[in-house]
Amino acid sequence: TSNSGSGESKARYHEWQTDTLAAAAENAQIEGDDSPAALAVTPTSRTGNYTQILRKVFTISATQELVDKAGRKSEISYQTQKYLEELAKDIEWACVINSASASGASGTARKMLGVYGWITTNVTTGTGTGNEALTESMLNDNLQLIWAQGGKPQTVLCGGFQKRKIDAFTTNTRQVEADSKKLVAAVDVYKSSFGTLKVVLHQQINTTIPGVVMILGEMKLWKKAWLRRPKKEELAKTGDAKKYLVVGELTLESRQEKGSGIIKELTTS
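Residues numbered from 1 in each chain as written. Predicted model: local features only at pLDDT ≥ 70, side-chain atom pairs only at ≥ 80, totals over all residues. Heavy atoms only, no water.

### Some words on the overall build of the protein
Stated precisely, the cut-off is as follows: A helix here means a DSSP run of H or I that spans at least four residues, while a strand means a run of E at least two residues long, and both kinds are numbered starting from the N terminus. As a reference, a globule follows 2.2 Å times the number of residues to the power 0.38, and the radius of gyration itself is taken over C-alpha atoms. Only protein chains enter the accessibility calculation, which uses a 1.4 Å probe; a residue whose area is less than 20% of its type maximum is buried, one above 50% is exposed, and one in between is partly exposed. Any two residues having at least one pair of non-hydrogen atoms within 4.5 Å are treated as being in contact. Each accessible area is a Shrake-Rupley estimate made with a 1.4 Å probe; only the visible protein chains count as cover when residues are assessed. For the charge count, each Lys or Arg is scored as positive and each Asp or Glu as negative, with His and the chain ends excluded. To locate a charge, take NZ of a lysine, CZ of an arginine, CG of an aspartate or CD of a glutamate.
Scanning the protein from terminus to terminus reveals 6 helices and 12 strands. Relative to a compact globule of 269 residues, whose C-alpha radius of gyration would be 18 Å, the protein shows 24 Å and is clearly more extended. In terms of overall dimensions, the protein has C-alpha extents of about 85 × 65 × 40 Å along its principal axes. Counting all 269 residues of the protein, 38% fall into the buried class. Contacts in the protein between residues far apart in sequence, at least 24 positions, make up 76% of those at least 6 positions apart. Accessible area of the protein: about 16,200 Å², with a carbon and sulfur share of 50%. Within the protein, the 29 negative side-chain charges are centred at a point lying 9 Å from the centre of the 34 positive side-chain charges.

Structure below.
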């Protein structure tokens, strides 16, 4: 979420337009020739995503706020910061992990479609049983799919097990530094025929979908659209305590999912 763009939403179902460029072709014209009647343009594609409400609620007793807390002055301020950070982690989870959207109803919540659900074009699948290990060939196959669609792969998101598989790719150079005598055995930047990628460990992918590797193209293709930016609100007082709500509402714009890719159904142990 910190690396994607940010904008505003004006509706529960946030919409935007996408377009594609025609493929390159031979284009040679006769000198002095009249231009023919213009061809009808292809309309842009209208797409959208539902906004999702995320919240945290906490209560601080009057006593808890006033007593000596050995390290902080205000319990309310501390807990507000803590829950805002937890909300940010939940927003990251929704933006990356959500595989389906939901319009919501009187008894169900709206859900945005996350990166995992948006990427449908450039998909590389293991054996289908989760028993195929990630290989350098699989990674490059997916990078080639993205490149063929006009994408510019830049970032790999993965969990710990898949990161170790990437670290073990045989074509990556291992060096022993003469001064420190340390073996460099981790791959944080992978240079492929289709671009240089930063390999990033992602905690939510690691714990939720460890058999998945996501390859993101230009981050300008992903954008958060806020209907309500995160803020703290004090709720009605009903006793000897104060209640607070930390809440935000947003969705994820996929400007063009063809610029990214995904490898899934990989072994995780």
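There is more to say, and it comes next.
### Thoughts on the sheet that holds strand β7 (residues 189–192)
Worth spelling out the cut-off: Whether two strands pair depends on DSSP finding at least two bridges between them. Axis definition: a line fitted to C-alpha atoms, limited for helices to the stretch in contact. Angles are taken between N-to-C directions and run from 0 to 180 degrees.
Spatially, 6 strands are ordered β5-β12-β9-β6-β8-β7 in an open sheet, and the strand pairing comes out mixed. Looking along the sheet, the strands with just one partner apiece sit at the ends: β5 (123–125) and β7. Within this sheet the neighbouring strands show an average axis-to-axis angle of 20°, counted without direction. Looking at chain direction, strand β6 (residues 155–158) and strand β9 (residues 213–216) are connected through 3 bridges and run antiparallel. Bridge pairing links Thr155 to Leu216 in β9.

### Quick word on unusual backbone geometry
Look at Ala70: it is not a glycine, yet its phi comes out positive at around 50°. Take Ala70: it is sitting in the loop between α1 (62–66) and α2 (75–97). By relative accessible area, which is 73% here, Ala70 ends up exposed. For Glu265, which is not a glycine, the phi torsion comes out positive at approximately 60°. Tracing the sequence through the fold places Glu265 in the segment after β12 (261–264).

### Re the packing of aromatic side chains
The condition that has to hold: Think of it this way: a Phe, Tyr or Trp ring, Trp meaning its six-membered ring, pairs with another when their centres are within 6.5 Å, and the plane angle makes it stacked under 30 degrees, edge-to-face over 60, tilted otherwise. Two conditions define a charge located above a ring, namely a distance within 6 Å from the ring centre to NZ of Lys or CZ of Arg, and an angle within 35 degrees of the ring normal.
As enumerated under the stated definition, the model contains 6 aromatic pairs in all. Look at Trp16 and Trp118: their rings are 5.9 Å apart centre to centre, the planes differ by 55°, and that puts the pair in the tilted class. With Trp16 in strand β2 (residues 13–18) and Trp118 in helix α3 (residues 115–118), the pair connects residues that are 102 residues apart, well separated along the chain. The residues Trp16 and Trp118 share a single accessibility class, namely buried. With centroids separated by 5.5 Å and ring planes inclined at 25°, the aromatic side chains of Phe58 and Tyr244 adopt a geometry described as stacked. Of this pair, Phe58 sits in strand β4 (residues 52–61) while Tyr244 is found in strand β11 (residues 241–254), placing the two residues 186 residues apart along the sequence. On the basis of relative accessibility, which here comes to 4%, the residue Tyr244 falls in the buried class. Sitting above the plane of the Tyr83 ring, Lys82 keeps its charged end 5.7 Å from the centroid.

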